[in-house]
Amino acid sequence: MKKILITGGAGFIGSNFINNVFKTDLNWKIINLDILTYAGNPANLDNLAHRFLDKYEFVHGDIRDRPLLEKLFFEKKIDGVIHFAAESHVDRSIDSPHEFVKTNVEGTVSLIDVCTKYYKSFKKSSEFRFLHVSTDEVYGSLGTHGYFTENTPYDPSSPYSASKAASDHFVRAYFRTYGLPVVITNCSNNYGPYQFPEKLIPLIILNIMEQKTLPVYGDGKNIRDWLYVTDHCNALIKVFKKGVPGETYNIGGNSEQKNIEIVNLICKIMDRLEGRKHGSSQKLIKFVADRPGHDRRYAIDSTKIKTELGWKPEYEFEDALEKTVIWYLENKKWVKSVKTGTYLEWIKKNYNR
Ligand code: NAD
Ligand code: TYD
């Protein structure tokens, strides 16, 4: 059984990834290292610790804690790493950029540094990989034409994307300088279950549930290339198993949507599902001040991962958006705990922080 270290596995994408792994025939033991910030929620993990006693272990800790990392790598004899842990929200990064440097840059460097020492001392197998999960936001903003490829120069706009760009550079440097077998993925915007309601799609769903104002930044015509989280997770498995060390793979849904179109669609879906008069939730839309440095358009060219690793997205945007809305409507307990901070109280009680 391979021992895979996952960082940030209690967050949105990490928890979807881990829950999906336990639905496959991958014979992995997962060690999930997560400090449980506001975005990390043990309730995202479907009681795995009880259901898969010998195949899942949660470690409450910080990716900047080198002694803890050394203990994990050297005692558990890790066979590979998938690194999700990060501060991930652009608006928060505008308020407190330094938090993003601490986790995304310093945290990533601590992790790859200890990982390299461990990898060198144990001469791990040729299958060992450090998969660094990153974002398309490192490439900056597109005009009306063109796509991000793996060769697009980095041009980050926000403190979040600047910190992710820096972490990508460090990971690549550890491949070139020390020979750590890294693979990097740059993925577009994800949506799906367990996403913290600070991001556009869950925020709009939850605000409609409470019939609150729906804030749309600027003119609402900024474009993102949306990908259902399960499609991202499947791509990560392919890259982890078959990706070539030192290579980067862009991952996108080929599904460009304007923010205002998404908000309108969620209004339509929710009015139908909740039996409201067509058009009633749209009245809640409010155009608000634009985000500073707001990137206009992201769009990914995923040709490389499609042709070289045989991945393709399976979910259609409108179907998967409705599936996501239904998940939030059916998981009111999760929504309530996230909104009231019940789970943060639980973390304080259990982990004293
Ligand atoms: P998230 O904010 O939902 O989760 C981040 C997780 O990292 C949380 O569980 C948090 O507790 C944990 N964490 C934060 N600081 C930590 C630390 N110092 N030590 C240990 N754990 C820590 O983020 P997400 O949306 O799941 O994103 C996961 C990764 O994917 C990030 O690296 C992000 O940059 C990248 N990404 C996200 C998207 C997206 O649309 N959400 C798209 C492309 C790439
Ligand atoms: P977000 O989900 O924060 O992801 P990112 O900034 O990483 O792309 O935002 C997605 C888009 O939605 C982005 O263009 C900003 C916009 N947005 C709003 O218009 N209103 C909101 O309340 C939020 C959170 C985002």
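Overview of the structure. Every chain's residues receive numbers from 1 upward, in the order its sequence appears when written. The lettering of chains begins at A and the numbering of ligands begins at 1, in the order of writing. Selection of residues for local features in this predicted model requires a pLDDT of at least 70, selection of side-chain atom pairs for listing and counting requires 80 or more, and totals for whole chains, interfaces and linings are taken over all residues. Hydrogens are left out, water is left out, and the side-chain values use all remaining heavy atoms of the structure.

A simple rule labels every residue: compare its accessible area, found with a 1.4 Å probe on the protein chains alone, to the largest value its type can have, and call it buried under 20%, exposed over 50%, or partly exposed in between. The helix count covers DSSP runs of H or I at least four residues long, the strand count covers runs of E at least two residues long, and both are numbered beginning at the N terminus. Of the two faces of strand S11 (residues 248–251), both are covered, the one formed by Thr-248 and Asn-250 as well as the one formed by Tyr-249 and Ile-251. Strands qualify as paired when DSSP identifies two bridges or more between them. In this structure, strand S6 (residues 182–187) lies alongside S11, joined through four bridges in parallel fashion. Each residue of the ladder has a partner; that of Cys-187, found in S11, is Ile-251.

This paragraph deals with the site of ligand 2. We call a residue near a molecule or strand as soon as one heavy atom of that residue lies within 4 Å of the molecule or strand. By nearness alone, 16 residues border ligand 2, and Glu-137, Leu-200, Arg-224, Arg-291 and His-294 come closest of all. Between ligand 2 and the protein, one listed contact pairs an oxygen atom with a side-chain N or O atom of Asn-259 at 2.9 Å. Pairs of N or O atoms are called polar contacts if they sit within 3.5 Å, as long as, within protein, a hydrogen donor faces a hydrogen acceptor (for residues adjacent in sequence, only side-chain-to-side-chain pairs). A distance of 2.7 Å is found between an oxygen atom of ligand 2 and a side-chain nitrogen or oxygen belonging to His-294. Expressed as a share of its isolated accessible area of 510 Å², the protein-covered part of ligand 2 is 96%. Elements with a contribution of two residues or more to the shell around ligand 2: helix H7 (200–209) and strand S8 (214–217). Top contributing element to the shell around ligand 2 by residue count: S8, with three residues. Only Asp, Glu, Lys and Arg are considered charged, only Ala, Val, Leu, Ile, Met, Phe, Trp, Tyr, Cys and Pro nonpolar, and every remaining residue, Gly among them, polar. The class makeup of the residues in the shell around ligand 2 is six nonpolar, five polar and five charged. We get accessible surface area from the Shrake-Rupley algorithm with a probe of 1.4 Å; when it comes to residues, only the shown protein chains can shield them.

What follows deals with the packing of helix H9 (residues 259–273) against helix H11 (residues 317–330). Orientation of H9 relative to H11, taken along the N-to-C sense of each, is 55°, at an axis distance of 10 Å. Of the possible angle classes, the one that applies to H9 and H11 is oblique. Handedness of the crossing formed by H9 with H11: right-handed. Residues Ile-262, Leu-265, Ile-266, Ile-269, Met-270, Arg-272 and Leu-273 of H9 lie in contact with H11, whose contacting residues are Phe-317, Glu-318, Leu-321, Glu-322, Val-325, Ile-326 and Leu-329. Its residues placed into classes, the contact of H9 with H11 shows 11 nonpolar, no polar and three charged. Orientation is described by lines fitted to C-alpha atoms, with helices fitted over the stretch in contact, and by angles between N-to-C directions that extend from 0 to 180 degrees. Should an angle lie under 35 degrees it is considered roughly parallel, over 145 roughly antiparallel, and from 65 to 115 roughly perpendicular; all remaining angles are considered oblique. Crossing handedness follows the turn of the near helix against the far one: under a right angle anticlockwise gives a left-handed crossing, and clockwise gives a right-handed one. By definition in these notes, contact holds between two residues if any of their heavy atoms fall within 4.5 Å.

Another point: the sheet that holds strand S5 (residues 130–135). If you walk across this open sheet you meet the seven strands as S3-S2-S1-S4-S5-S6-S11, and the pairing is parallel. With partners counted over all chains shown, the strands left at the sheet margins are strand S3 (56–60) and S11, one partner each. Shown here is a sheet whose adjacent strand axes are inclined to one another by a mean of 20°, direction ignored. Where strand S1 (residues 2–7) meets strand S4 (residues 80–83), four bridges bridge the pair, whose relative direction is parallel. From the neighbouring strand, Ile-6 faces S4, where its bridge partner is Ile-82. Against the sheet, helix H3 (residues 66–76) makes contact with S1, strand S2 (28–34), S3 and S4, and its axis sits at roughly 175° relative to S2, the strand it touches most. Sheet strands in contact with helix H8 (residues 229–242) are S1, S2, S4, S5, S6 and S11, and its direction is about 145° off that of S5.

To describe a pair of aromatic rings, one takes the distance between the centres and the angle between the planes. Aromatic pairs are defined between Phe, Tyr and Trp rings, using the six-membered ring for Trp, whenever the two ring centres lie within 6.5 Å; interplanar angles under 30 degrees are classed as stacked, those over 60 as edge-to-face, and all others as tilted. A complete count under the given rule lists 26 aromatic pairs for this structure. With 4.4 Å between their ring centres and 25° between their planes, Phe-22 and Phe-52 make a pair best called stacked. Of this pair, Phe-22 sits in the loop between helix H1 (12–21) and S2 while Phe-52 sits in the loop between helix H2 (48–51) and S3, and the two are 30 residues apart along the sequence. Connected via pairs of aromatic rings, a cluster forms that spans Phe-73, Phe-74, Tyr-118, Tyr-119, Phe-122 and Phe-128. Ring-over charges, as used throughout, are those where CZ of Arg or NZ of Lys falls within 6 Å of the ring centre and within 35 degrees of the ring normal. Geometry around Tyr-38 places Arg-92 over its ring, the cationic atom sitting 3.5 Å from the centre.

As a matter of local geometry, ligand 1 sits amid 28 residues, with Ile-13, Asp-34, Ser-88, Tyr-160 and Lys-164 nearest to it. Within the backbone of Gly-11, a nitrogen or oxygen atom sits 2.9 Å from an oxygen atom of ligand 1. At a separation of 2.7 Å, an oxygen atom of ligand 1 approaches a polar side-chain atom of Ser-88. Compared with its free state, where it exposes 840 Å², ligand 1 has 96% of that area covered by protein.

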